[in-house]
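Chains, contacts and geometry: an overview
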Amino acid sequence: MLWGTFSWAALGPVVLVEQTMKAANYLNITAYQLHPYMAFVFPTGNGIFQQVNALSHKARIALEWFEEHTDEFHLMSWPPNSSDLNPMEQIWDVMERQIRAQTPPCPNISTLRDSCLDIWYNLSTVMYQKLVSSMPRRVAAVLKAKGGATVIA
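Residues numbered from 1 in each chain as written. Predicted model: local features only at pLDDT ≥ 70, side-chain atom pairs only at ≥ 80, totals over all residues. Heavy atoms only, no water.

- For the chain, the name recorded in an unreviewed UniProt entry is Transposable element Tc1 transposase, with Araneus ventricosus as its organism.

**A look at the nonpolar core**
- Trp3, Tyr26, Leu34, Phe49, Phe66 and Phe73 are the most contacted members of the largest nonpolar core, which has 15 residues in total.
- Here this core gets six residues from one element, more than from any other, and that element is helix 1 (residues 23-41).
- Sequence-distant contacts of Tyr26, that is, excluding residues within four places in its chain, are made with Trp3, Met21, Phe49, Gln51, Ser56, His57, Ala62 and Phe66.
- Ranked by size, the runner-up nonpolar core spans 14 residues in total, among them Phe6, Leu11, Ile99 and Tyr128. (Core = buried A, V, L, I, M, F, W, Y, C linked by side-chain atoms within 4.5 Å. Buried < 20%, exposed > 50% of the residue type's maximum accessible area, 1.4 Å probe, protein only. Helix = DSSP H or I, 4+ residues; strand = E, 2+ residues; numbered from the N terminus. Contact = heavy atoms within 4.5 Å.)

**Notes on the domain arrangement of the chain**
- If you check the domain split of the chain, you get domain 1 (1-78) and domain 2 (81-152).
- Placing the centre of domain 1 and that of domain 2 at their C-alpha centroids yields a distance of 17 Å.
- Opposite the 18 residues of domain 1 that make contact, domain 2 presents 21 residues.
- Summed over both sides, the interface between domain 1 and domain 2 buries roughly 1,600 Å², with carbon and sulfur atoms accounting for 74% of that surface.
- On the domain 1 side of the interface with domain 2, the three residues burying the most area are Phe6, Trp8 and Leu11, jointly 42% of the side's total.
- Scanning the region where domain 1 abuts domain 2 turns up zero salt bridges.
- Put simply, domain 1 and domain 2 have two residue pairs in polar contact (both at pLDDT 80 or more) between them.
- Those elements that provide at least two residues to the side of domain 1 that touches domain 2 are strand 1 (2-6) and strand 2 (11-16).
- In terms of residue class, the side of domain 1 that touches domain 2 is made up of 13 nonpolar, five polar and no charged. (Domains from an automatic or database assignment. Buried area = accessible area lost by both parts, 1.4 Å probe. Salt bridge = Lys/Arg side-chain N within 4 Å of Asp/Glu carboxyl O. Polar contact = N/O pair within 3.5 Å; in protein donor to acceptor, adjacent residues only side chain to side chain. Nonpolar A, V, L, I, M, F, W, Y, C, P; charged D, E, K, R; others polar.)

**Let's talk about the packing of aromatic side chains**
- In total, this model carries six aromatic pairs according to the counting rule given.
- Between Trp65 and Phe66, the ring centres sit 5.2 Å apart and the planes meet at 90°, which makes this aromatic pair edge-to-face.
- Ring centres of Trp65 and Phe73 lie 6.2 Å apart, and the angle between their planes is 45°; this geometry places the pair in the tilted category.
- The exposure class assigned to Phe73 is buried, which follows from its relative accessible area of 2%.
- Grouping aromatic residues by their ring pairs yields a cluster made of Phe49, Trp65, Phe66 and Phe73. (Phe/Tyr/Trp six-rings, centres within 6.5 Å; stacked < 30°, edge-to-face > 60°.)

Below, the structure is given as structure tokens:
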């Protein structure tokens, strides 16, 4: 599993998660990967971090950590069943298609990890900037659909 983040300004870190994502793992990622990235990209504290409703993300210790850091960046409220709001899914899709298109396929986990990192760090700036710029339209579409599925191009 991979965890990654990005903003309009820059790709953030990508982390290989070798075990099931538990709250403690997620807390470590937010503290040691997300926090420095957000401080660098949003030094005035005006960043908004978006995450899905995964159990590890909604764990009390994770939510308390975000509450403690609310003056440094804000946690976006995430409605249930609204995967259309998640631009990260677009990036994972692009990466998966590139991995599947590799010939020959990755022979082992080490090569797969290296390929994922290579793809991540070579993602198009234009692509992730368009994804961030699409957020107002995505939010409006989800609100219009009252949290239901949307068709977002």
